[in-house]
Amino acid sequence: MADVVPISDKLRDAREQVLRRHLDAHCTGDIDAVVATFTRPRMELIASGRVLDGAEAMRAYLAERRRAFPDQSFEVICHHHSDRAVVSEHWMTGTHLGEVHGVEPSGKRFRARMASIFEFDGEDLINQRLYYDAGTIARQLA
């Protein structure tokens, strides 16, 4: 097996800055700023099987989520760095104030632990793969 060379502190710091901008933009609802954190915007939503490939697909999805959960935010638990990715564990919260997938707003708040694998090409963010339990959220909103 080949020796694994750890990423440099400089690369690790650069990726952390991208993730900080990315998550801050999510929390403030700045869709354009979220998309701008990607060099090649792509998001895979494992729970639903959806793949958002490109800036317009990502903007449409994020606008839909923001209408349904206008206060949606993320609280970082920890980041795990590897040579090509950063795994981010975080709490996602929000209040269901708008229709989503044909479900009328409940006015209820949810909190769910999730993980995202942020794939990088050097310092460039090229994909986010989100893992979460949709059932946990659905039970809290019912």
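In this report, we go over the structure that sits alongside the text. The model shown is predicted, which means the values in this text are computed figures rather than measured ones. Within each chain, residues carry numbers counting from 1 in the order of the written sequence. Two thresholds apply to this predicted model, a pLDDT of at least 70 for residue-level local features and 80 or more for giving and counting side-chain atom pairs, whereas whole-chain, interface and lining totals are computed over all residues. The basis for every side-chain value is the complete set of heavy atoms in the structure, and neither hydrogens nor water enter the calculation.

1. Overview of helix 3 (residues 55-68)
Here helix 3 is 14 residues long and its end C-alpha atoms lie 20 Å apart, about the 20 Å a rise of 1.5 Å per residue gives. Throughout, exposure labels follow a simple rule: accessible area from a 1.4 Å probe, protein chains only, divided by the maximum for the residue type, with under 20% read as buried, over 50% as exposed, and the rest as partly exposed. Numbering of helices and strands starts at the N terminus; helices are DSSP runs of H or I of at least 4 residues and strands are runs of E of at least 2. Buried within helix 3 are the following residues: Met58, Tyr61, Leu62, Arg65, Arg66 and Ala68. In a view along the axis of helix 3, the buried residues occupy a sector of 160°, so they form one face of it. Turned more than 90 degrees off the buried face of helix 3, the exposed positions are Glu56 and Arg67. Note on contacts: a residue pair is in contact if any heavy atoms of the two residues lie within 4.5 Å. Structurally, helix 3 contributes buried residues whose contacts are with helix 1 (9-28), helix 2 (31-36), strand 1 (42-45), strand 2 (50-53) and strand 4 (85-95). A helix is expected to span 1.5 Å multiplied by its residue count minus one. As used here, the arc belongs to the directions running from the helix axis to the C-beta atoms.

2. Quick notes on the packing of aromatic side chains
Working definition: a ring pair exists when centres of Phe, Tyr or Trp rings (six-membered ring for Trp) sit within 6.5 Å. Plane angles under 30 degrees give stacked, over 60 give edge-to-face, the rest tilted. Across all of its chains, the model carries one aromatic pair by this definition. For the pair Phe69 and Phe110, a centre-to-centre distance of 5.3 Å together with 80° between the ring planes defines the contact as edge-to-face. On the criterion of sequence distance, the pair formed by Phe69 in the loop between helix 3 and strand 3 (73-81) and Phe110 in strand 5 (residues 109-121) is long-range, its members being 41 residues apart. As far as the burial class goes, Phe69 and Phe110 line up, both buried.

3. A few points about the nonpolar core
Think of a nonpolar core as a cluster: buried Ala, Val, Leu, Ile, Met, Phe, Trp, Tyr and Cys residues, connected wherever their side-chain atoms sit within 4.5 Å. Ranked by size, the top nonpolar core spans 29 residues in total, and within it Met43, Leu62, Phe110 and Phe120 carry the most contacts. Going through the elements one at a time, helix 1, helix 2, strand 1, helix 3, strand 4, strand 5, strand 6 (124-131) and helix 4 (134-141) are the ones with two or more residues in this core. Considering every element that reaches this core, the biggest residue donor is strand 5, with five residues.

4. What about the pattern of salt bridges?
What counts as a salt bridge is simple: a side-chain nitrogen of Lys or Arg found within 4 Å of a carboxyl oxygen of Asp or Glu. As enumerated under the stated definition, the model contains eleven salt bridges in all. Salt-bridge contacts for Arg42 lead to Glu44; the nearest nitrogen and oxygen are separated by 3.4 Å. Since its relative accessible area comes to 27%, Arg42 is described here as partly exposed. Asp53 serves as the salt-bridge partner of Arg42, at 3.5 Å between the closest nitrogen and oxygen. Taken together, the residues span a long stretch of sequence, with Arg42 in strand 1 and Asp53 in strand 2 at a distance of eleven residues. What emerges from the salt-bridge pattern is a single network uniting Arg42, Glu44, Asp53, Glu119 and Arg129.

5. Re unusual backbone geometry
Phi at His101 is positive, roughly 50°, even though this residue is not glycine. Within the secondary structure, His101 sits in the loop between strand 4 and strand 5.

6. Considerations on the pairing of strand 3
The pairing of strand 3 with strand 4 spans eight bridges and is classified as antiparallel. Each residue of the ladder has a partner; that of His79, found in strand 4, is Ser88. When DSSP finds two or more bridges between a pair of strands, those strands are recorded as paired. What sits between strand 3 and strand 4 in their antiparallel hairpin is a turn of three residues.

7. Thoughts on the environment of Arg129
In this structure, Arg129 sits in strand 6. Arg129 sits 14 residues away from Ala115 along the chain, and the two C-alpha atoms are 8.3 Å apart. If near-sequence neighbours (up to four positions away) are discounted, Arg129 is found in contact with Glu44, Ile46, Ala115, Ser116, Ile117 and Glu119. For Arg129, the side chain forms a polar contact with the side chain of Glu119, separated by 3.1 Å. Whenever a nitrogen or oxygen atom comes within 3.5 Å of another N or O atom, the pair is scored as a polar contact, on the condition that within protein one atom can donate a hydrogen and the other can accept it, and that pairs from neighbouring residues in sequence are kept only if both atoms are in side chains.

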